[in-house]
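Coordinates in review
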Amino acid sequence: SVRIHLMPTMNPDGYARAHEGDKQSVVGRYNAHHIDLNRNFPDHFHPRQSKHPVQKETLIVGDWIRSLPFVLSANLHNGDLLANYPYDDHKANSHAHYKEKCPDDATFIQVSKAYSFAHPTMHLGLPCPGESGGFKDGITNGAAWYSVAGGMQDYNYFHTDCFEITIEMGCTKFPLASKLHQHWVNHRPALLALIEQVHVGVKGFVSDIDGEPVPDATISVVGIDHDVHSHTAGDYYRLLSPGSYELIAAAPGYGPAS
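Residues numbered from 1 in each chain as written. Predicted model: local features only at pLDDT ≥ 70, side-chain atom pairs only at ≥ 80, totals over all residues. Heavy atoms only, no water.

Moving on to the pattern of salt bridges. Counted by the stated rule, this structure contains seven salt bridges. A salt bridge links Lys99 to Asp105, with the shortest nitrogen-to-oxygen separation between them at 3.1 Å. Judged by its relative accessible area of 34%, Lys99 falls in the partly exposed class. Judged by its relative accessible area of 8%, Asp105 is buried. The residue Asp137 makes a salt bridge to Lys113 at a minimum N-O spacing of 3.5 Å. Linking Asp137 in the loop between helix H3 (105-118) and strand S3 (139-141) with Lys113 in helix H3, this pair joins segments that are 24 residues apart in sequence. Judged by relative accessible area, Asp137 falls into the buried class, the value being 17%. What makes Lys113 partly exposed here is its relative accessible area of 31%. (Salt bridge = Lys/Arg side-chain N within 4 Å of Asp/Glu carboxyl O. Buried < 20%, exposed > 50% of the residue type's maximum accessible area, 1.4 Å probe, protein only. Helix = DSSP H or I, 4+ residues; strand = E, 2+ residues; numbered from the N terminus.)

So this is what it looks like as structure tokens:
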């Protein structure tokens, strides 16, 4: 079984200003304080770089993200057709277009391809009208496309146990209502394929010698510098691409177990 949470919009102010049929403008990007909320999360690589105070919307969404044991999420955008995965930001504070790999690069590529290949055209990697290039298999590392500091995608990876990708759902920023049914038909199988990815990897329970759950145990994968944690019932979920791995569980007051 899967528990699904939906957030219709993080930016109701921007949605209210935006208009149906808008192809490529940024009218609806900013909140009422004219701040881009997807540049407003604490940035791991450059924590003092933000010029704007953290917005109320950002704080509320950040609290929500940390309050539940999310495993996988998708940040739904429009303006292109692709699946984008971490890192979004460059460690060197560069605006150059080169890949910045995260420790779970192979897993993120797998998750992104699961989405793009379940979509009828995304996996073809075709550019939007008036653009050139496109993206192989319809996926891209975020920083290789363009660097984003303070984005929600990297925030999830650094500050929670959730793996997030960003889905650019189409070339029109605000699709016409008449196009929404086809939009749904195109993306429904891809969304279901993404949800199925939550079961790819390792999941289980951490318990003590008496069978009691051990919450907040650290689950490490040897060779991958990114940990996840057990939750209230001792349950943990660790997304991984296919392969052989050694897992180590550790918690205060307990010796490590592998």
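Okay, the sheet that holds strand S9 (residues 247-250) next. Taken in spatial order, the three strands line up as S7-S6-S9 in an open sheet, and their pairing is antiparallel. On the outer flanks of this sheet lie strand S7 (224-229) and S9, each paired with one strand and no other. In this sheet, neighbouring strand axes are inclined to one another by 25° on average, regardless of whether the strands run parallel or antiparallel. The sheet contact formed by strand S6 (residues 218-221) and S9 spans four bridges and is antiparallel. Among the inter-strand pairings, Val221 is bridged to a residue of S9, identified as Leu247. (Pairing = 2+ DSSP bridges. Axes fitted to C-alpha atoms, helices over the stretch in contact; angles between N-to-C directions.)

On to the sheet that holds strand S2 (residues 80-85). If you walk across this open sheet you meet the four strands as S1-S4-S2-S3, and the pairing is mixed. In this open sheet, the two strands that pair with only one neighbour each are strand S1 (72-77) and S3. Adjacent strand axes in the sheet meet at a mean angle of 25° when their direction is disregarded. Here five bridges tie S2 to strand S4 (residues 163-170), and the two strands are oriented antiparallel to one another. By the bridge assignment, Asp80 is partnered in S4 with Gly170. Across the sheet, helix H5 (residues 152-159) lies against S1, S2 and S4, angled at about 165° from S4, the strand it touches most. (Contact = heavy atoms within 4.5 Å.)

Every α-helix winds through 3.6 residues per turn, so residues three or four apart in the chain are directed the same way. Summarising burial for H5: six of the eight residues are buried, a large majority. Along H5, the positions that sit buried rather than exposed are Met152, Gln153, Asp154, Tyr155, Asn156 and Tyr157.

Attention shifts here to the side chain of Asp161. Along the chain, Asp161 falls in the loop between H5 and S4. Although Asp161 is buried, it makes no salt bridge; Arg238 carries the closest opposite charge, 8.2 Å away. At a separation of 3.0 Å, a polar atom in the side chain of Asp161 contacts the main-chain amide nitrogen of His229. The residues touching Asp161, leaving out its near neighbours within four places in the chain, are Phe70, Val71, Asp227, Val228, His229 and His231. (Lys, Arg positive; Asp, Glu negative; His and termini not counted. Polar contact = N/O pair within 3.5 Å; in protein donor to acceptor, adjacent residues only side chain to side chain.)

Another point: the environment of Gly150. Here Gly150 is to be found in the loop between helix H4 (142-145) and H5. Among the residues examined, Gly150 registers a relative accessible area of 4% and is labelled buried. Separated by 62 residues in sequence, Gly150 and Asp88 have C-alpha atoms that sit 8.9 Å apart. Aside from chain neighbours lying at most four places away, what touches Gly150 is Leu37, Asn38, Arg39, Asn40, Phe41 and Asp43.

Turning our attention to the state of the cysteines. Taken as a whole and assessed by the stated rule, the structure comprises one disulfide. Linked covalently through their sulfurs, Cys128 and Cys171 form a disulfide whose S-S length is 2.0 Å. Its S-S torsion of about -85° marks the bond between Cys128 and Cys171 as left-handed, since a negative value means left-handed. Of this pair, Cys128 sits in the loop between H3 and S3 while Cys171 sits in the loop between S4 and helix H6 (180-196), placing them 43 residues apart in sequence. With relative accessibility at 28%, the residue Cys171 sits in the partly exposed group. Cysteine Cys102 is unpaired, with the sulfur of Cys162 as its nearest cysteine sulfur at 13 Å. Using a relative accessible area of 4% as the deciding quantity, one classes Cys102 as buried. (Disulfide = S-S within 2.5 Å.)

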